[in-house]
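# A look at the structure
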Amino acid sequence: LTIENIITTDPLFVPKQTALTIEAQQTVSVTIEYAPVERGAVNTEVVVASNAINGEQVATLVADPFSVNELHVGTASGIADSMVTVSIKMNNMEPIVAMQCAFKLPKQLEYVPNSMVVNPTRSNGHQPLSVLHGDTLVLMLYSMTNQALHANDGDIATFQLRLNGSSGTYYLKPINVVLSNVTEENMVSATSQGKVTIKAPAISSNASLAFGSHAITEEAYATYSVRNNGSAPLVLERATFLAEGYRVVEELPITIANYKTTTITVAYQPTEEGDFSTTMNLYTNDPNNRLKTVALSGHVFEPNALSLMGESNQDGTYTLSVAMENYTDIVAVQYDVHWRSDMTTSQAAFKPSERMPSHSYSVTSLDEDSYRVIIYSMSNAT
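Residues numbered from 1 in each chain as written. Predicted model: local features only at pLDDT ≥ 70, side-chain atom pairs only at ≥ 80, totals over all residues. Heavy atoms only, no water.

### Some points on the side chain of Q108
By the element assignment, Q108 lies in the loop between β10 (98–104) and β11 (109–111). Judged by relative accessible area, which is 18%, Q108 ranks as buried. Leaving out residues up to four positions away in the same chain, Q108 has contacts with R162, L163, N164, G165, Y170 and I198. (Helix = DSSP H or I, 4+ residues; strand = E, 2+ residues; numbered from the N terminus. Buried < 20%, exposed > 50% of the residue type's maximum accessible area, 1.4 Å probe, protein only. Contact = heavy atoms within 4.5 Å.)

### Digging into the pairing of strand β8 (residues 76–79)
Remark: a regular strand shows side chains that alternate across the two faces of the sheet. Only one face of β8 is covered, namely the face carrying A76 and G78; the face carrying S77 and I79 is uncovered. In this sheet, strand β19 (residues 194–199) lies alongside β8 in parallel orientation, the contact comprising four bridges. By the bridge assignment for β19, S77 is matched with T197. (Pairing = 2+ DSSP bridges.)

### Structural notes on the sheet that holds strand β32 (residues 360–367)
Taken in spatial order, the three strands make up an open sheet running β31-β33-β32, and their pairing is antiparallel. Among the strands making up the open sheet, the edge pair consists of β31 (333–338) and β32. Shown here is a sheet whose adjacent strand axes are inclined to one another by a mean of 15 degrees, direction ignored. Across seven bridges, the pairing between β32 and strand β33 (residues 370–376) is antiparallel. Its bridge partner being in β33, S365 is matched across the sheet by Y371. (Axes fitted to C-alpha atoms, helices over the stretch in contact; angles between N-to-C directions.)

### Re the packing of aromatic side chains
All chains considered together, the criterion is met by ten aromatic pairs. The interplanar angle of 35 degrees and the centroid separation of 5.7 Å between the aromatic rings of F103 and F159 together place this pair among those described as tilted. In this pair, F103 sits in strand β10 while F159 sits in strand β15 (residues 155–163), placing the two residues 56 residues apart along the sequence. In this structure F103 comes out as buried when scored by relative accessible area, which is 0%. Classification of F159 by relative accessible area gives buried; the value is 0%. Taken together, a centroid distance of 4.3 Å and an interplanar angle of 20 degrees make the contact between Y246 and Y268 stacked. With Y246 in strand β24 (residues 246–248) and Y268 in strand β26 (residues 261–268), the pair connects residues that are 22 residues apart, well separated along the chain. (Phe/Tyr/Trp six-rings, centres within 6.5 Å; stacked < 30°, edge-to-face > 60°.)

### What to know about the sheet that holds strand β14 (residues 136–143)
Reading across from one edge, β13-β14-β10-β17 is the order of the four strands in this open sheet, with antiparallel pairing throughout. Every interior strand has two partners, whereas the edge strands, β13 (126–133) and β17 (175–180), have only one. Taken over all neighbouring pairs, the strand axes of this sheet differ in orientation by 10 degrees on average, direction set aside. Two strands pair when backbone bridges link them, and β13 and β14 are joined in this way by eight bridges, in the antiparallel orientation. By the bridge assignment, V131 is partnered in β14 with V138.

### What to know about the pairing of strand β27 (residues 274–284)
Direction of pairing for strand β23 (residues 234–241) relative to β27: antiparallel, over a ladder of five bridges. Across the sheet, F241 pairs through a bridge with M280, a residue of β27. Hairpin remark: β27 followed by strand β28 (residues 291–301), antiparallel, with six residues in the connecting loop.

Honestly, that's just the spatial picture; any functional story needs more than this.
Take a look at the structure:
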């Protein structure tokens, strides 16, 4: 089969080949290029002239060219509790006088009222309008005099969102999109969604902190470890306590980088002997743990101690000195002394110091190697 010519009735349709030979029982495809200059449906014909016995063949060419008028939503990223700016971009072939679109906002994204701003380089006296119905945000851009937006590419407006959620990516898919020309035709040909990425800190720490046992004469200290397992800096903003006498030694606020650990020192100034406990409230910027409660506990004792020092004498005797350092007023003392069975003592060997001018005392043998010493005051003198 010899194809002698391929002719289109519309010069905008151009066959890539107009003459060719096709072997018996074979098929050949011919590409026809079409470069439209305006939108709208086209219906024309193509005529194939050949040496076929059935003469010329006529086929219908159908096309529906459209103008490219696209709306694209930008991307943004920020830390929880901050605000981000999202752009709306339009590339258009047609003169566009108005825009409208809507978004279903997830609860993590909160629209900042009246934050929609028109790009001044594309505005032609255009006004922004934003309306929030429940979780649906509707954005509009219009001209009171039906003027077309300047240029044919780039941002046409921006709006702001407050990031209220934890870490994650949240998509902004435009719905009910309208790109209107002056005759109120919707010229939108394509849209693309944007996304907002939220980075957030995540505190990881124990729910309790033990001080252990401390003397009442000294301030007690305990270290508390805090790790940030999130994707943004963690801020320990402040700490409060449900009882008096407690404090954090380091100056707050303290910032902890993501995936890092730090320690803070909690101090307690005791006022009385015994067990103590309270709650520390640690305020953070972790959206899931704004308030971290930590149970504090410990024990305070009054330091009252006996210390012993021994000395051998030249006469073959041994002198045991017993000293006492006391915080509490002590009115009586009792202690047992255990030593070798060949070491003996008696009450006559007891020599009181000036610390007990009026106290009575007794030294009693318990067995062959133990003695009990009792020091007391009949009037409970200290």
